[in-house]
Amino acid sequence: MLDKLTQLPEDSILGLAAACRVDPNPHKVDLTVGIYMSEAGICPVFDAVRLAQQALIEEETTKAYMPPAGDATFNTGMQRLVMGGDSPALAAGRVSSIQTPGGCGAIRIGAEVIHAAAPDARVWVSDPTWPVHIPLLGSVGLSFETYRYYDPAEHGVNFEGMVADLQQARRGDVVLLHGCCHNPCGADLSLEQWGTIADMAERQGFLPFVDIAYQGLGDGLETDAAGVRLLAERLPELIIAASCSKNMGLYRERTGAAIFVCASADNARALVSQAQVAARRIYSMPPAHGALLAGRILSDEALTANWEDELQAMCRRINGLRTSLMSKLQQHSDRDFSFIEREKGMFSFLGLTPAQALALREQHSVYMLDSSRINVAGVNGANIDYLAEAVGKVLRG
Ligand code: PMP
């Protein structure tokens, strides 16, 4: 039976990262997977995580299953982190959540809950969106519509196109939005534009589903959550998928939260039961380690301050890299790269053709996606000149 199955192609992003790992060129540059890399080229463990981990090892008395909704301290901490401590919806008890295996788990649980409520729901996704959104939502049986989002010619959001397309979203539809630091384009909505989306959701009755995987890495924890908080203040219902992979560096610990803002406290409780049953069908209980660390950090003042400081430093460094990369690229070519400085978070499209991205890989061992999406956090003082020079050479042909 199993011998009918054939080898599948590697995941496009992970496959490129693997190719870079075995490239013997000492100057190789890996700008593929979205992980934060320090100036030393490593993905660091946060100091607050290390401290929380030491305490946990001392104190942990059991490895028994987590409850299906996960760790209560983590759940409360994540609700406050995303919604803000003064959220009216939180105060009214209209918010509930479950701990999930990463942001991916949260997206999948969100999709399961949507499917239970409205099996025929269409999910509107941005063009482009993170490719993994499609299998995560589609495997549940939801169908897709696409709305215009990134304008490659202008290197920014095509908001007119977005609004025109979303005018066709109706009650019973879901609109997937990137909370901040859009993956793959780095172009985010302004607060005013979030307001327009809220107006449309109110008028047309669609349900926003906000994927926020990079809170703290765009402008800061509060600013990055301003859009999702605006929706939560204006709308009766909202689903949020949050992740601690990037902003706490807990990637491999699979730590995330599916958060439900509901029309009533009763409904918020009902959503937890729906989410738990969905989780039981897929993986039963979430993994413990990452959420116990994150819960500890979010509930301890000193650890929170330590974590926030380190996160802010990362955020500043990414924004500094954006400025440096823009000016280095402009030194080596006559193109305008100022959009890199305007965009937010870990990703930007450099605006190269797939053939140019391939030439960078084959001739210079500079690895980026064929779309020319780069992980800005993969740039550092040691590789930035080599990278800018290589891009300049490829642009000159
Ligand atoms: N959403 C987006 C847009 C992402 O880029 C990612 C991570 N690459 C996630 C969600 C989920 O990440 P994780 O499951 O690792 O928390």
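Reading guide: rules and limits
Residues numbered from 1 in each chain as written. Predicted model: local features only at pLDDT ≥ 70, side-chain atom pairs only at ≥ 80, totals over all residues. UniProt positions renumbered as here; feature names shortened; annotations may be inferred. Helix = DSSP H or I, 4+ residues; strand = E, 2+ residues; numbered from the N terminus. Buried ≥ 20, exposed ≤ 12 C-beta atoms within 10 Å, placed from the backbone. Contact = placed C-beta atoms within 7 Å. Near = placed C-beta within 6 Å. Core = buried A, V, L, I, M, F, W, Y, C linked by C-beta atoms within 7 Å. Domains from an automatic or database assignment. pLDDT = per-residue confidence, 0-100. Axes fitted to C-alpha atoms, helices over the stretch in contact; angles between N-to-C directions. Parallel < 35°, antiparallel > 145°, perpendicular 65-115°, else oblique. Nonpolar A, V, L, I, M, F, W, Y, C, P; charged D, E, K, R; others polar. Expected span 1.5 Å × (residues − 1). Arc of directions from axis to C-beta. Pairing = 2+ DSSP bridges. Right-handed = clockwise from strand over helix to strand, strands pointing away.

An unreviewed UniProt entry annotates the protein as Aspartate/tyrosine/aromatic aminotransferase originating from Kineobactrum salinum. Under the UniProt heading Cofactor (unreviewed entry), the entry covering the protein gives this text: "pyridoxal 5'-phosphate".

Asker: Before we go on, may I ask you to explain the overall build of the protein in this structure?
Answerer: Counting its secondary structure elements, the protein contains 16 helices and 13 strands. Projected onto its principal axes, the C-alpha coordinates of the protein cover approximately 60 × 55 × 55 Å. A burial count over the protein gives 47% of its 397 residues as buried. Taking as baseline every contact in the protein between residues at least 6 positions apart, the subset at least 24 positions apart corresponds to 76%.

Asker: Got a minute to help me understand the site of the ligand in this structure?
Answerer: Around the ligand, the surrounding shell holds 13 residues, and the nearest of these are Gly-102, Gly-103, Cys-104, Ser-243 and Ser-245. For the shell around the ligand, the element with the highest residue contribution is helix H5 (residues 102–117), accounting for 3 residues.

Asker: What exactly am I supposed to notice about the nonpolar core here?
Answerer: Ranked by size, the top nonpolar core spans 121 residues in total, and within it Val-82, Val-174 and Ile-240 carry the most contacts. Per-element tally for this core: the top contributor is helix H13 (residues 301–332), with 10 residues. Viewed by domain, this core spans two of them, domain 1 (2–45 + 308–396) and domain 2 (65–299), each represented by three or more residues. Not counting chain neighbours up to four residues away, the residues in contact with Ile-240 comprise Val-82, Val-210, Ile-212, Val-228 and Ile-259.

Asker: Would you mind going over the confidence of the model for the protein with me for this structure?
Answerer: Atom-level detail of predicted coordinates should not be read off regions where pLDDT is low. Predicted confidence across the protein gives a mean pLDDT of 97, with 100% of residues reaching 70 or more. Confidence estimates for the predicted assembly give a pTM of 0.97 and an ipTM of 0.99.

Asker: Can you walk me through the packing of helix H2 (residues 47–59) against H13 in this structure?
Answerer: Axis angle and axis distance: for two packed helices, these are the angle between their axes and the distance between the axes, and together they describe the pair. The contact between H2 and H13 brings their axes to 8 Å, and the two run at 150°. Here H2 lies roughly antiparallel to H13, going by the angle between them. In this structure, H2 uses Asp-47, Ala-48, Leu-51 and Ala-52 to contact H13, whose residues at the interface are Leu-303, Asn-306, Trp-307 and Glu-310. For the contact of H2 with H13, the class distribution of residues is 5 nonpolar, 1 polar and 2 charged.

Asker: Whenever I open this one, helix H16 (residues 384–396) confuses me. Can you help?
Answerer: For an α-helix, the turn length of 3.6 residues means that residues three or four places apart are oriented alike. With 13 residues, H16 extends 18 Å between its outermost C-alpha atoms, agreeing within 8% with the 18 Å of an ideal straight helix rising 1.5 Å per residue. Taken together, the buried positions of H16 are occupied by Leu-387, Ala-388, Ala-390, Val-391 and Val-394. With its buried residues spanning 160° around the axis, H16 presents them on a single face. In this structure, the buried residues of H16 make contact with strand E1 (29–30), H13, helix H15 (354–364) and strand E12 (366–367). At the exit of H16 stands Gly-397, carrying a positive phi of roughly 90°.

Asker: Looking at this model, I keep getting lost on helix H10 (residues 226–234). Mind explaining?
Answerer: Among all positions in H10, only Gly-227, Val-228, Arg-229, Leu-231 and Ala-232 are buried. The elements touched by buried residues of H10 are helix H3 (72–83), helix H4 (88–91), helix H8 (191–204), strand E8 (207–212), strand E9 (238–243) and strand E10 (256–261).

Asker: What is the right way to look at the sheet that holds E10 in this model?
Answerer: Note on sheets: strands pair through backbone hydrogen bonds, and any given pair is parallel or antiparallel. Read from one edge to the other, the open sheet built from 7 strands follows the order E2-E10-E9-E8-E7-E3-E4, with strand pairing classed as mixed. The open sheet has two edge strands with one neighbour each: strand E2 (95–100) and strand E4 (143–148). On average, adjacent strands in this sheet sit at an angle of 25° to one another, irrespective of strand direction. In the packing of helix H11 (residues 265–282) onto the sheet, the strands contacted are E2 and E10, and the crossing angle to E2 comes to about 15°.

Asker: What is the right way to read the environment of Trp-307 from this model?
Answerer: Inspection of the secondary structure assignment puts Trp-307 in helix H13. Trp-307 sits 169 residues away from Gly-138 along the chain, and the two C-alpha atoms are 35 Å apart. Once residues lying within four places of it in the same chain are set aside, the contact partners of Trp-307 are Phe-46, Ala-48, Met-248 and Ile-297.

Asker: Teacher, can you tell me more about the pairing of E4 here?
Answerer: Residues in a regular strand point their side chains to alternate faces of the sheet. The sheet contact formed by strand E3 (residues 122–127) and E4 spans 6 bridges and is parallel. Residue pairing for E4: Val-125 is matched across the bridge by Thr-146. Running through helix H6 (residues 133–138), the crossover from E3 to the neighbouring parallel element E4 is right-handed.

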